[in-house]
Amino acid sequence: MSERSSLILRLIESLDSRTSYIKAKLGILVPSQIRSLRIQSEMPRQADLARVAGLHQSRISMFETPGAANMTIETLARLAAAFKVGLIVKFVPLSEMLRWENEHSQDHFSVTPLARDEVFLNPALVESTNVSKGKLGGLSQSSVNRVSAMPVGRVNPYQSSNDSPFQNAIGA
Amino acid sequence: MANGHNLIEEWYQNDLSEEAQFTFDALLKNQRKVESVLNWNGFKYLKGKPKEERIWQLDFIADKRQYRLLGIFGVGRKNAVLILGCYHKGDNYTPRDALEMARKRAKAIREGKAELHEREIKSDS
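Residues numbered from 1 in each chain as written. Chains lettered and ligands numbered in written order. Predicted model: local features only at pLDDT ≥ 70, side-chain atom pairs only at ≥ 80, totals over all residues.

### With respect to the confidence of the model for chain A
Alright, step 1. Looking at chain A, pLDDT values average 83 and 76% of them are 70 or higher.
Alright, step 2. Counting interchain partners and residues more than four positions distant, the pLDDT-below-50 stretch residues 138–162 of chain A has 20 contacts. (pLDDT = per-residue confidence, 0-100. Contact = placed C-beta atoms within 7 Å.)

Next up, the structure:
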């Protein structure tokens with residue numbers, strides 16, 4: 001049985017395995033986003049973010065530690081508020097969770113803060129601008145045509161690159 | 001010394017819970033995509049003698065345990081070599097001589113006396 005088949009079987013059969021799997025991914029992706037947002041923000045030091053969020057600096061450090069999934073929704077909302085961004089917590093298929101993980105890049109992760117969030121601040125203006133420019137929901141007509149012309153299933157969104165920079169040392 | 005054992009894989013298989021294994025896999029998957037190691041979550045160079053030998057530590061938490069991965073970089077920091085997995089509580093590493101073992105292994109690698117195994121990062125897909 002392949003490693004992937006074995007994983008699927010465990011996930012199908014065991015509540016504990018599914019819990020561990022989901023916790024592990026959240027435990028990496030949530031701290032990664034917090035760190036990325038902090039570094040890009042006006043509060044690049046943990047102490048600054050802690051002060052704005054009304055939390056202790058040691059807790060910010062803990063929230064950024066990989067695997068630190070033990071955060072309440074209250075805490076996440078407080079951090080989102082400090083970053084002046086929103087937060088979505090929604091239940092999704094595991095395939096969607098895996099796609100999120102595969103597509104997440106800590107280096108490129110960014111979220112428009114409230115002050116620059118034109119769609120939120122002035123949706124009517126954004127909509128009228130798009131209509132006058134021949135745009136549809138933020139996409140130009142030509143890009144809509146291109147998207148719809150793409151063959152279905154051409155890209156596997158779940159596939160991530162496997163060129164591993166990690167090596168195991170042995171034999172010491 | 002180079003007896004063919006893949007010590008990191010043995011640690012992974014024998015000492016890590018399922019949750020810790022999933023977390024370890026997800027951690028490597030995420031860090032691989034981060035260009036600068038200084039932006040790796042949970043990354044730091046160790047202090048004292050290990051620091052002089054450029055041994056670093058990567059922290060992660062799973063099943064309420066503080067795990068530590070110790071490693072060194074290969075050429076140009078594009079190759080991360082994991083040399084020891086352990087966990088940490090209070091001021092203590094388990095195994096207790098983890099740092100000393102890491103220093104010996106780092107030395108063996110740099111002197112070409114230990115063999116490296118490429119680690120495939122699991123994509124789950």
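Here the narrative resumes.
### Things to note about the pairing of strand β4 (residues 80–89) of chain B
All names here are of chain B.
Alright, step 1. Of all 10 residues in β4, eight are buried, a share of seventy percent or more.
Alright, step 2. In this sheet, β4 lies alongside strand β3 (residues 65–73) in antiparallel orientation, the contact comprising eight bridges. Bridged to R68 within β4 is C86.
Alright, step 3. As defined by bridge partners, β4 adjoins strand β5 (residues 92–94) across three bridges and the pair is classed as antiparallel. Bridging from a neighbouring strand, K89 pairs with N92 of β5.
Alright, step 4. Remark: two residues form the turn of the hairpin made by β4 and β5, two consecutive strands paired antiparallel; G90 in that turn has positive phi of roughly 60°. (Buried ≥ 20, exposed ≤ 12 C-beta atoms within 10 Å, placed from the backbone. Helix = DSSP H or I, 4+ residues; strand = E, 2+ residues; numbered from the N terminus. Pairing = 2+ DSSP bridges.)

### Let's talk about the interface of chain B and chain A
Alright, step 1. With 50 residues of chain B at the contact, the number on the chain A side is 36 residues.
Alright, step 2. Contributing elements (two or more residues each) for the side of chain B that touches chain A: α1 (7–15), α2 (18–32), β2 (56–62), β4, α4 (98–110) and β6 (116–118) of chain B.
Alright, step 3. When residues in the side of chain B that touches chain A are grouped by element, the largest group, 10 residues, is from α2(B).
Alright, step 4. Looking at the side of chain B that touches chain A, its residues break down into 21 nonpolar, 13 polar and 16 charged. (Nonpolar A, V, L, I, M, F, W, Y, C, P; charged D, E, K, R; others polar.)

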